[in-house]
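Spelled out from the first residue to the last, the chains are:
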Amino acid sequence: MTLSSLPEIQSIAYDSRRALPGGLFVALTGADADGHDYIMAAYEKGCRVFLTEREVGVPPDATVVVCENTRAALAEIASEFYNHPSRSMRLIGLTGTKGKTSVSYMLRDILTAAGRSAGIIGTTGAFAAGREWELLNTTPESLELHRILSEMRDAGVTDVVIEASSWGLFTHRLDGVEFELGVFLNLSPDHIGGKEHPDYEHYANSKRLLFDRCRRALINADDKEAPRMLNNTAKETKTFGCSDNADYRAGAFTPIKSPTALGIRFTATLPPTTVNCQLSTINYQLPMPGRHNATNALAALACADMLGVERATAVKALSAARVRGRAECVPVPADFTVMIDYAHNALSVQSLMEMAKEYALPQIITVFGCGGDRAAARRRDMGRIAAQHSDLCILTSDNPRSEKAEDIISDILVGVGEAGGAYEIVPDRRDAIRRALSVAGKDSLVLIIGKGHQCYEEINGVRHFFDEREVVSNYFAEGGQ
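Source: prediction; values computed, not measured.

Calculation notes
Residues numbered from 1 in each chain as written. Predicted model: local features only at pLDDT ≥ 70, side-chain atom pairs only at ≥ 80, totals over all residues. Heavy atoms only, no water. Salt bridge = Lys/Arg side-chain N within 4 Å of Asp/Glu carboxyl O. Helix = DSSP H or I, 4+ residues; strand = E, 2+ residues; numbered from the N terminus. Buried < 20%, exposed > 50% of the residue type's maximum accessible area, 1.4 Å probe, protein only. Axes fitted to C-alpha atoms, helices over the stretch in contact; angles between N-to-C directions. Parallel < 35°, antiparallel > 145°, perpendicular 65-115°, else oblique. Left-handed = near helix turned anticlockwise from the far one by under 90°. Contact = heavy atoms within 4.5 Å. Nonpolar A, V, L, I, M, F, W, Y, C, P; charged D, E, K, R; others polar. Pairing = 2+ DSSP bridges. Phe/Tyr/Trp six-rings, centres within 6.5 Å; stacked < 30°, edge-to-face > 60°. Lys NZ or Arg CZ within 6 Å of the ring centre and 35° of its normal. Polar contact = N/O pair within 3.5 Å; in protein donor to acceptor, adjacent residues only side chain to side chain. Core = buried A, V, L, I, M, F, W, Y, C linked by side-chain atoms within 4.5 Å.

Participant: Help me understand the pattern of salt bridges, please; the structure alone is not making it clear to me.
Facilitator: A side chain with one charge can pair with a side chain of the opposite charge if their charged atoms come near. Under the counting rule described, the total for this entry stands at 38 salt bridges. We note a salt bridge from Asp34 to Arg54, for which the minimum N-O separation is 3.1 Å. Of this pair, Asp34 sits in the loop between β2 (23–26) and α1 (39–44) while Arg54 is found in the loop between β3 (49–52) and β4 (63–66), placing the two residues 20 residues apart along the sequence. Asp34 sits in the buried class, given a relative accessible area of 16%. Two residues, Arg469 and Asp467, come together in a salt bridge whose shortest N-O distance is 2.9 Å. Just as Arg469 is buried, Asp467 falls in that class too. Residues joined by salt bridges that share partners form a network here, namely Arg87, Glu178, Glu180, Arg215, Arg216, Glu236 and Lys238.

Here is the structure:
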């Protein structure tokens, strides 16, 4: 589908509320709504061209074009409408169950240090050239994505790091986007069931779609799904990880701890830059904890290397790496560590708990809940894993959406009961955080997980301001501990 195959249009919309005179309305079929039901609403707003998946009745002055998949068509039309913005920049796509946001920020910082104008599109929003675009999804709908990319291009942005979600790939949101480099970080069961992927194979194969639309690929050699991802059409593919056969390797991990923060030392072994040179080994001290963050840093370094960034520049940039809401240590006037993390599924909680174990801490207190309108299995798994590794779990609210927080906590308790761990129920998240801070002992770790970068609590469709850093700060300002 191309613009030339349609009557002349001045704008594009798939939400009838945003339809404009002289515009094209694209009828998308979703889990909760069918755009075909809103065609007349768009007509009343002035649209006279409609892209649909079936024949529909419209007044005689309107044109209907029927295609097989309106989502795929929308992506191609949007790319053309905005003059193919991805062709004017280097785009790096990151896919994986966890780590995408951390790697995107690390790579953005490296590219910036190398003198590039780099942007990010992902879970925390879109940022570039001093601007911010609020996003509803990790990977925006194709129309918004190409519009944002065009605005970044016009602002002089040279590189954009995009979190390529499995659902975004499957639903054609990334169609029409030309990637210089695609990166596979890891894969484990998640986003399966309900309104998401029907099964694991569907989930994995959706991730793999990225590697047939990028010029070069970087694959985590340690992940069991590496063979699936290595079977791609990219012109060049390299690997990273701890495996001996990885092109970029990490090892010699050493946890480091200050009174209120955690970090890690490790070595990175890089491939030769010319045929005759030797492998180079670099010693890193990362101001973020855990082997998983060391692996994230290795992925960012490998990306930068494949993109031609000088290694010394990348090393210096990574030495100051910090990512909001990802293993973020919050400064506190106390003799224990407070960490905020976005961990909101079983794998990310498991990874976070394994990281904490490396530091031989005397006490781990975990504050968490689970999001509403999501699979119940995720709640049980998170409850079990958190209870297995924590000395105390404080169960609370976390974006209950249309559900009751108490009902979500009941689901979590099934997993907590399987592990037999100690727990308290404090439904109000502010009170739950304050409770954890009040019982933390010397050298303890207070983990506040699930929200990470988010500064809101979503209840019945309304987002209420809520910043966990502010809650922690106010607790101590009011004389806590």
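Participant: Would you take a moment to explain the packing of helix α2 (residues 70–81) against helix α4 (residues 142–154) for this structure?
Facilitator: When two helices pack together, their arrangement is given by the angle between their axes and by how far apart the axes lie. The N-to-C vectors of α2 and α4 enclose an angle of 15°; their axes lie 8 Å apart at closest approach. Relative to α4, the element α2 lies roughly parallel. You can see that α2 and α4 cross each other, and the crossing is right-handed. In contact with Arg71, Leu74, Ala75, Ala78 and Ser79 of α2, α4 contributes Ser142, Leu143 and His146. Taken together, the residues of the contact of α2 with α4 sort by class into four nonpolar, three polar and one charged.

Participant: I'm lost on the sheet that holds strand β16 (residues 328–330) in this one. Help?
Facilitator: Across a sheet, paired strands are connected by hydrogen bonds in the backbone, their directions being either parallel or antiparallel. Pairing is mixed in the open sheet, where six strands are placed in the order β16-β17-β21-β18-β19-β20. One side of each edge strand has no neighbouring strand; the edge strands of this open sheet are β16 and β20 (423–425). Strand-to-strand, the axes of this sheet are offset by a mean angle of 20°, without reference to chain direction. Across four bridges, strand β18 (residues 364–368) lies against strand β19 (residues 392–395) in parallel orientation. Within β19, the position partnered with Val367 by the bridge is Ile394.

Participant: When you look at the packing of aromatic side chains in this model, what are you seeing that I'm missing?
Facilitator: Each pair of aromatic rings is reported with the distance of its centres and the angle of its planes. Throughout the structure, instances matching the rule amount to seven aromatic pairs. Centroid distance Phe336 to Phe476: 6.3 Å. Interplanar angle 40°. Geometry classified as tilted. Separated by 140 residues along the polypeptide, Phe336 in the loop between β16 and β17 (337–341) and Phe476 in helix α14 (residues 468–477) bring together distant segments of the chain. With respect to burial, Phe336 and Phe476 carry one shared label: buried. When the centroid spacing of 5.2 Å and the interplanar angle of 85° are considered together, the rings of Tyr475 and Phe476 count as edge-to-face. Residue classification places Tyr475 among the buried residues on the basis of a relative accessible area of 8%. Given the relative accessible area of 12%, Phe476 is considered buried. Positioned above the aromatic ring of Tyr43, the side-chain terminus of Arg48 is 3.7 Å from the ring centre. The cationic tip of Arg463 hangs over the ring face of Tyr456; the distance from NZ or CZ to the ring centre is 4.1 Å.

Participant: Even after reading the chapter, I still don't get the environment of Asp175, so can you show me in this structure?
Facilitator: Mapped onto the secondary structure, Asp175 falls in the loop between α5 (166–170) and β10 (179–184). For Asp175, the side chain forms a polar contact with the side chain of His172, separated by 2.7 Å. Looking at Asp175, its side chain comes within polar contact range of the side chain of Arg213, at 3.1 Å.

Participant: Just to check I follow, could you spell out the nonpolar core for this structure?
Facilitator: For soluble globular proteins, nonpolar side chains are generally found buried alongside one another. Core analysis: the largest hydrophobic core is formed by 72 residues, its most contacted members being Ile92 and Phe266. Top contributing element to this core by residue count: helix α8 (residues 291–306), with 10 residues. If you look at the next biggest cluster of nonpolar residues, it comprises 31 residues, including Ile148, Met152, Val160 and Ala204.

Participant: How should I be thinking about the side chain of Glu144 in this particular structure?
Facilitator: On the secondary structure map, Glu144 appears in helix α4. Among all residues touching Glu144, those that are not within four sequence positions of it are Tyr14 and Arg18.

Participant: Is there a simple way to explain the sheet that holds β2 in this structure?
Facilitator: What the four strands build is an open sheet, ordered β1-β2-β3-β4; its pairing is parallel. Each having just a single partner strand, β1 (11–13) and β4 make up the two edges of the open sheet. Adjacent strand axes in the sheet meet at a mean angle of 20°, parallel and antiparallel pairs treated alike. Strand direction decides the pairing type here: β3 and β4, joined by four bridges, are parallel. Pairing of Thr52 across the sheet is with Val66, part of β4. Packing against the sheet, α2 makes contact with β1, β2 and β3, and its axis sits at approximately 150° to β1.

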